[in-house]
Amino acid sequence: MTQNYIPRDEIRPPQIIYALYLAGLVTANITLLIGVVIAYVYRREAAPWLQQHYRYLIRTFWIGTLYASIAFLLSIVMVGLLIWPLLAVWLGVRCILGWINVRQGQPPARPGSWLW
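A quick note: this is a predicted structure, and the numbers were derived from the prediction, not measured.

Rules used in this analysis
Residues numbered from 1 in each chain as written. Predicted model: local features only at pLDDT ≥ 70, side-chain atom pairs only at ≥ 80, totals over all residues. Heavy atoms only, no water. Phe/Tyr/Trp six-rings, centres within 6.5 Å; stacked < 30°, edge-to-face > 60°. Buried < 20%, exposed > 50% of the residue type's maximum accessible area, 1.4 Å probe, protein only. Helix = DSSP H or I, 4+ residues; strand = E, 2+ residues; numbered from the N terminus. Lys NZ or Arg CZ within 6 Å of the ring centre and 35° of its normal. Patch = residues over 30% accessible without salt bridge, like charges linked within 9 Å, V, L, I, M, F, W, Y side chains within 5 Å. Areas by Shrake-Rupley, 256 points an atom, 1.4 Å probe, with all protein chains shown as cover. Salt bridge = Lys/Arg side-chain N within 4 Å of Asp/Glu carboxyl O. Core = buried A, V, L, I, M, F, W, Y, C linked by side-chain atoms within 4.5 Å. 1 Å grid on protein atoms, 1.4 Å probe; cavity = no way out; pocket = protein on both sides within 12 Å on 5 of 7 lines; lining within 4 Å. Points joined across faces, edges and corners; volume = space filled by probe spheres on them. Nonpolar A, V, L, I, M, F, W, Y, C, P; charged D, E, K, R; others polar.

(A) Region of interest: the packing of aromatic side chains. As enumerated under the stated definition, the model contains two aromatic pairs in all. Here F61 and W62 contribute two aromatic rings whose centre-to-centre distance is 4.8 Å and whose plane-to-plane angle is 85°, an arrangement assigned as edge-to-face. A relative accessible area of 46% means that W62 is categorised as partly exposed. Consider the rings of Y67 and W90, whose centres lie 5.2 Å apart with planes at 70°: the pair is edge-to-face. Here Y67 is found in helix α3 (residues 48-75), whereas its partner W90 is found in helix α4 (residues 80-103), with 23 residues between them in sequence. Residue Y67 is classed as partly exposed on the basis of its relative accessible area of 25%. Sitting over the face of the ring of Y56, R94 holds its NZ or CZ atom 4.2 Å from the ring centroid.

(B) Representation of unusual backbone geometry in the model. The phi dihedral of M78 falls on the positive side, at around 75°, and the residue is not glycine. Inspection of the secondary structure puts M78 in the loop between α3 and α4.

(C) How the structure looks around a nonpolar patch on the surface. Side chains of L66, I70, F72, L73, L74, I76, V77, M78, V79, L81, W84 and W114 sit close together on the surface and give an oily, nonpolar patch of about 1200 Å² of accessible area. Those elements that provide at least two residues to the nonpolar patch are α3 and α4. Here the nonpolar patch gets five residues from one element, more than from any other, and that element is α3. Mapping L81 onto the fold places it in helix α4. What makes L81 partly exposed here is its relative accessible area of 47%.

(D) Here's a closer look at the nonpolar core. Core analysis: the largest hydrophobic core is formed by 22 residues, its most contacted members being Y21, L50, Y54 and L57. When contributions to this core are tallied by element, the ones reaching two or more residues are α1 (8-23), α2 (30-42), α3 and α4.

(E) Structural view of the layout of surface pockets. The space that makes up the largest pocket amounts to roughly 350 Å³. Together, 17 residues line the largest pocket, and N29, L32, A68, L87 and L91 are the ones closest to its centre. Among the elements of the structure, α2, α3 and α4 are those that each provide at least two residues to the lining of the largest pocket. Partitioned by chemical class, the residues of the lining of the largest pocket number twelve nonpolar, five polar and no charged.

Here's what the structure looks like:
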């Protein structure tokens, strides 16, 4: 079985963004903001399959922001306290699946998904 050659320079930015998003779980989310800015910068000139990763990453940021806002509002009535761990798992799974796909030279399975 042969694997297509994927230039490291092409896949490095999305890998860094996935890592920044994962780091956002412990760094008060500042790395998430840095990651989405990088995704916006690199998405236009990327190969089509990598553009799908950037779309996925940008959507992850904005959907995560929406989910975090809902969790924050619901935290006022204590329900949101249960949502925060689910949000962390959601972000972790999205990033790990995306990272695996980019390493394999494939676009994300469902870049338009709100879940995984």
